[in-house]
Amino acid sequence: MTDAPAFLGVHASITGRRWTGLSAEQDRAAEHLVQITGQPDALCRVLARRGVAPEEVEAFLAPTLRDLLPDPRALRDMETAAARLNAAVTRSERIAIFADYDVDGGSSAALLLSWLRARGRDATLYIPDRIDEGYGPNTPAMTKLAAGHDLILCVDCGTLSFEPIAAVEGADVIVLDHHLGGEELPEALAVVNPNRQDEDGALAHLCAAAVVFLALVEANRQLRAAGEPTPDLMGLLDLVALATVADVAPLTGVNRAFVRQGLSVMGRRARPGLTALADVARLDTAPSAYHLGFVLGPRVNAGGRIGAADLGARLLSTADPHEAAALAERLDALNTERREIEASVRAQALAQAEERGLDLPLAWAAGDGWHPGVVGIVASRLKETAQRPSVVIGFDGDDGKGSGRSVPGIDLGAAIQRLAQEGLIEKGGGHKMAAGLSLSRAQLDPAMARLSALLAQQGADALGPSALKLDGVLAPAAITPELITQIEAAGPFGAAAAAPRFALPNVRISFAKRVGDTHLRVTFTGPCGTRMNAIAFGAFDSPLGPFLSALDPPPLHLAGRIEINSWGGRQTPQLRIEDAAPAS
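The sections below set out a description of the structure shown in this document. On a predicted model such as this, the values are computed, not experimentally measured, just so you know.

If you tally the helices and strands in the chain, you get 20 helices and 18 strands. For a compact globule of 584 residues, the expected C-alpha radius of gyration is about 25 Å, and the chain comes in at 24 Å, within 12% of that figure. C-alpha extents for the chain along the principal axes are approximately 75 × 60 × 45 Å. Counting every position in the chain, which comprises 584 residues, the buried fraction comes to 54%.

Written out as C-alpha cells, the structure reads:
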C-alpha cells in the first residue's frame, strides 16, 4: 500500500527504495500466530505475510508431495500420453526426446531417460542448437527423427510448433510443455500443458520438468494397475527441484514440496552429474534453493548458451561418474566464458537502454553480434536496473533473436505472442515472466513500439522504484543460528515467495573491507553492543558500497537477509545487506 507509513520512516533509502513493512492486518495475524503456535515472532511475521492460518502452520513448514501432489489426470491428454509412453516401452519401440536447451529442458529429458533406463529401455536425445536451429522443434529435425523413431517426446517445447509437428510422418508426437498455448494446438497425439487455453490454470505454475514428473506418476499408476513393476520416482525429485528454481517457477503449492524434497534427494549425492557439478563449483554445504538458481543452474545452462546444446542434459542423465566429472569441468569452463561475454553485452545494452530512457514501459536494446546465448541473462539484468519489462536482441545479419524478462504483474509472454499474431515479428512466445522472439531488422522498431504500447496497457508505464518489503525488525543479539533455521523452514524462497528480509536499526559500522571488484564485507555493532558480520554483494555497483565504506559513518539502519555462515567448522549468523538508510 503506497499510503502506509514508511517502515522505520525510510521513504528513500541509499538505493532509492521506500521501505515497507507488514500491513496492520498482517501485524495482527502475526501476533495471533505467536499466541496460538508459540513460534518465534520473526517466523510468524513471515508466515503472516504469506497468509498462513494457525491451523495451516504445521503443514506449511513441512510441505510433502503426499499432501500437495495434484492428480496428473487433472491435465488434459495426460492419460493418453502416459498410455502411449508405456506402450512404446512394452513394444520396444524406438523413442526420441526433443528437449529445449535450458535447465528445464535438460532436466525434463533426464527425467524421461532415467525412467526409461530403469525399465531397460533408452531413447535418442535431440537438443537443437540455439544459434543454428533456435528454440523448439523445427521441420528438418522432426522429419529426420520421425524417419528413425516410432515416438517423439517434445519436452519444454512444442506447444506452438504447428508446422514441424504436422510434418512428422510415421511416428507419434507427445508434447509435455508449460509455455503459453494459443487458440489452437499442434497435430500431436497428446499435448500435456497446464498453460493450454482450455486448462483452468490451477497448475499454471508448473515448469516442464514438473509436468514430465506428473506424466511419469500417471505412467507408473497405469503400470501398477496392470500388475507391472514401477521405477522409483522419489529419487528423480532432485531434477524437478533444479528445474523449478532455475526456470523461476513460483515457489507456491506443490512446487514448494518439489523443491524441499528435491533438495533432500540432492543432498544424498546419488546423481553423478549433480555431484560432479557441485564439486567443480566448490559447493561444500547442503544445497539450497539459492544454489540451484545461482550456482548449479547457470552451469547447466552454459552448454546451451555458448557450447554444445546437449551438455546439460547429458550431465544430468549420465550414470557414469567419470563422464559426469568431464562434463562438469567443461560446463564450468563454459560458464566462465559466458560471464565474460555477458559482461560485454550487458555494458553495451545498458548504455543503449539508458540513452533511450529507463522510465518507458519497456526497456530494450539490440546490437549486432550479441551472442543469443546471453541475451536472456542481459535482459534480466536490464530488468533489475530499470524495474521495467526488458527485451535484449542480438542480430546476425538481418536475423534477430531476442529474449525478454518481466516484472510481477506484467504478462510479457502474452504481449510477445500478440506481436507474433499481428505479424510484427516472425515468431515469439513464452510465459508471464520470460519470453523469446525472432524478428528481422526491419521489424525491430515497429515491434518494440507496439510491445511498449501493449505493456503500457498493463500498467508498465506507471511502475516506480520497487519498494523493499521487510518482515520486521531484529536486534543483532536476537539473531542466532537456531532462529535462522526456524525461519528457513518457511521456505524454499524464490519466485513468488520472496526470502524474508529484516531491518536492523540504529547500528554502527566498525569495519568495512572491499572484497573483489564490487563486494563489501562489514562488521557492525547493535545498540546493545552485540557485534555481527555482514556481506554486501555487488555493493559498489550501486551507492550502497561508498555509503557503507565511508570513514566514521553515522548510525544507520541496515536491511537484508539473515543467514548462517559456515566457516572452519563454526556456524555464525551473518547479514546479507541489500539496503541501508541513515538512522535519522
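That was the structure; now back to the text.
What follows concerns the pattern of salt bridges. Per the stated rule, a full pass over the model turns up 28 salt bridges. Between Asp310 and Arg314 there is a salt bridge, with the nearest N and O atoms lying 3.9 Å from each other. The exposure class of Arg314 is partly exposed, given its relative accessible area of 31%. Each of Asp71, Arg73, Glu79, Glu218 and Arg221 takes part in one network of salt bridges that share partners.

So, about the nonpolar core. Nonpolar side chains in soluble globular proteins tend to end up buried together. Of all hydrophobic cores here, the largest spans 86 residues; its most connected members are Ile97, Trp115, Leu216 and Phe258. Among the elements that make up this core, the one with the highest residue count is helix α9 (residues 208-225) (eleven residues). Setting aside its immediate chain neighbours within four residues, Trp115 contacts Leu85, Asn86, Val89, Leu216, Ala219, Asn220, Leu223, Pro231 and Leu233. In terms of nonpolar packing, the next biggest core, distinct from the first, is built from 40 residues, Phe493, Val522, Ala534 and Ala539 among them.

Turning our eyes to something else, we now look at the environment of Ala478. Tracing the backbone shows Ala478 in the loop between β13 (472-473) and α19 (481-488). C-alpha of Ala478 to C-alpha of Gly526: the two residues are 48 residues apart in sequence and 11 Å apart in space.

All right, on to the sheet that holds strand β3 (residues 124-126) then. With respect to topology, five strands assemble into an open sheet ordered β3-β2-β4-β5-β6, the strand pairing being parallel. Lying at the two open borders of the sheet, with one neighbouring strand each, are β3 and β6 (190-192). Sheet twist, expressed as the average angle between the axes of neighbouring strands with direction ignored, equals 15 degrees. Where strand β2 (residues 95-99) and β3 come together, three bridges link them in parallel fashion. Note on β3: the bridge partner recorded for Phe98 is Tyr126. With respect to the sheet, α9 is in contact with β4 (151-155), β5 (172-176) and β6, its orientation differing from that of β5 by roughly 120 degrees.

Moving on, we get to helix α18 (residues 444-457). Its 14 residues give α18 an end-to-end C-alpha distance of 20 Å, which sits within 8% of 20 Å, the value for a rise of 1.5 Å per residue. For α18, the complete set of buried residues consists of Leu444, Ala447, Met448, Leu451, Ser452, Leu454 and Leu455. For α18, the buried positions fall inside an angular range of 165 degrees around the axis, keeping them on one side. For α18, the exposed residues set more than 90 degrees away from the buried face come down to Asp445 and Gln457. The elements touched by buried residues of α18 are β7 (363-368), β8 (390-396), α17 (412-421) and β11 (434-440).

This part takes up the side chain of Asn86. Looking at the secondary structure, you find Asn86 in helix α5 (residues 78-90). Among the residues examined, Asn86 registers a relative accessible area of 7% and is labelled buried.

Let us look at the packing of α9 against helix α10 (residues 237-246). It is at 8 Å that the axes of α9 and α10 come closest, and there the two elements cross at 150 degrees. Taken together, the axes of α9 and α10 are roughly antiparallel relative to one another. In this structure, α9 contributes Ala209, Ala210 and Phe213 to the contact, and α10 contributes Leu237, Val240 and Ala243. A breakdown of the residues in the contact of α9 with α10 according to their chemical character gives six nonpolar, no polar and no charged.

Now for the environment of Gly235. Tracing the sequence through the fold places Gly235 in the loop between α9 and α10. Under the relative-accessibility criterion, Gly235 is labelled partly exposed at 28%. With 31 residues separating them along the chain, Gly235 and Met266 place their C-alpha atoms 8.8 Å apart. The contacts of Gly235, once residues within four sequence positions are left out, are Val265 and Arg271.

As a further point, take the side chain of Arg84. With respect to the element layout, Arg84 can be found in helix α5. For Arg84, a relative accessible area of 11% puts it in the buried group. One polar contact links Arg84 to Glu93, side chain to side chain, over a distance of 2.8 Å. Reaching out from Arg84, the side chain makes a polar contact with the side chain of Asp172 at a distance of 2.7 Å.

The next point concerns the pairing of β11. The buried fraction of β11 amounts to six of the seven residues, a majority that puts the element mostly inside the structure. In terms of strand pairing, strand β9 (residues 399-405) meets β11 through seven bridges, oriented antiparallel. Counterpart to Gly402 in the pairing with β11 is Leu437. Where strand β10 (residues 427-430) hands over to β11, the hairpin turn is made up of three residues, counted between the paired strands.

On the surface, Asp396, Asp398, Asp399 and Glu426 cluster together into a patch of negative charge. Here Asp399 is to be found in strand β9.

Right, let's get into the pairing of β4. Here β4 lies mainly inside the structure; five of its five residues are buried. Side chains of β4 alternate between two faces, with Leu151, Leu153 and Val155 and Ile152 and Cys154 buried alike. As defined by bridge partners, β2 adjoins β4 across five bridges and the pair is classed as parallel. Of the residues in β4, the one forming a bridge with Ala99 is Val155.

Of note, the bond from Gly491 into Pro492 is cis; its omega dihedral lies within 30 degrees of zero at 5 degrees. For Pro492, the position within the fold is in the loop between α19 and β14 (502-515). One non-glycine residue, Arg269, lies in positive phi territory at about 55 degrees. Locating Arg269 in the fold gives a position in the loop between α11 (254-267) and α12 (272-280). The class for Arg269 is partly exposed, based on a relative accessible area of 42%. Phi is positive for Arg282, close to 60 degrees, though the residue is something other than glycine. On the secondary structure map, Arg282 appears in the loop between α12 and α13 (289-306). For Arg282, a relative accessible area of 72% corresponds to the exposed category.

Cut-offs and rules
- Residues numbered from 1 in each chain as written.
- Predicted model: local features only at pLDDT ≥ 70, side-chain atom pairs only at ≥ 80, totals over all residues.
- Heavy atoms only, no water.
- Helix = DSSP H or I, 4+ residues; strand = E, 2+ residues; numbered from the N terminus.
- Rg over C-alpha atoms; globule rule 2.2 N^0.38 Å.
- Buried < 20%, exposed > 50% of the residue type's maximum accessible area, 1.4 Å probe, protein only.
- Salt bridge = Lys/Arg side-chain N within 4 Å of Asp/Glu carboxyl O.
- Core = buried A, V, L, I, M, F, W, Y, C linked by side-chain atoms within 4.5 Å.
- Contact = heavy atoms within 4.5 Å.
- Pairing = 2+ DSSP bridges.
- Axes fitted to C-alpha atoms, helices over the stretch in contact; angles between N-to-C directions.
- Expected span 1.5 Å × (residues − 1).
- Arc of directions from axis to C-beta.
- Parallel < 35°, antiparallel > 145°, perpendicular 65-115°, else oblique.
- Nonpolar A, V, L, I, M, F, W, Y, C, P; charged D, E, K, R; others polar.
- Polar contact = N/O pair within 3.5 Å; in protein donor to acceptor, adjacent residues only side chain to side chain.
- Patch = residues over 30% accessible without salt bridge, like charges linked within 9 Å, V, L, I, M, F, W, Y side chains within 5 Å.
- Areas by Shrake-Rupley, 256 points an atom, 1.4 Å probe, with all protein chains shown as cover.
- Lys, Arg positive; Asp, Glu negative; His and termini not counted.
- Charge placed at Lys NZ, Arg CZ, Asp CG, Glu CD.

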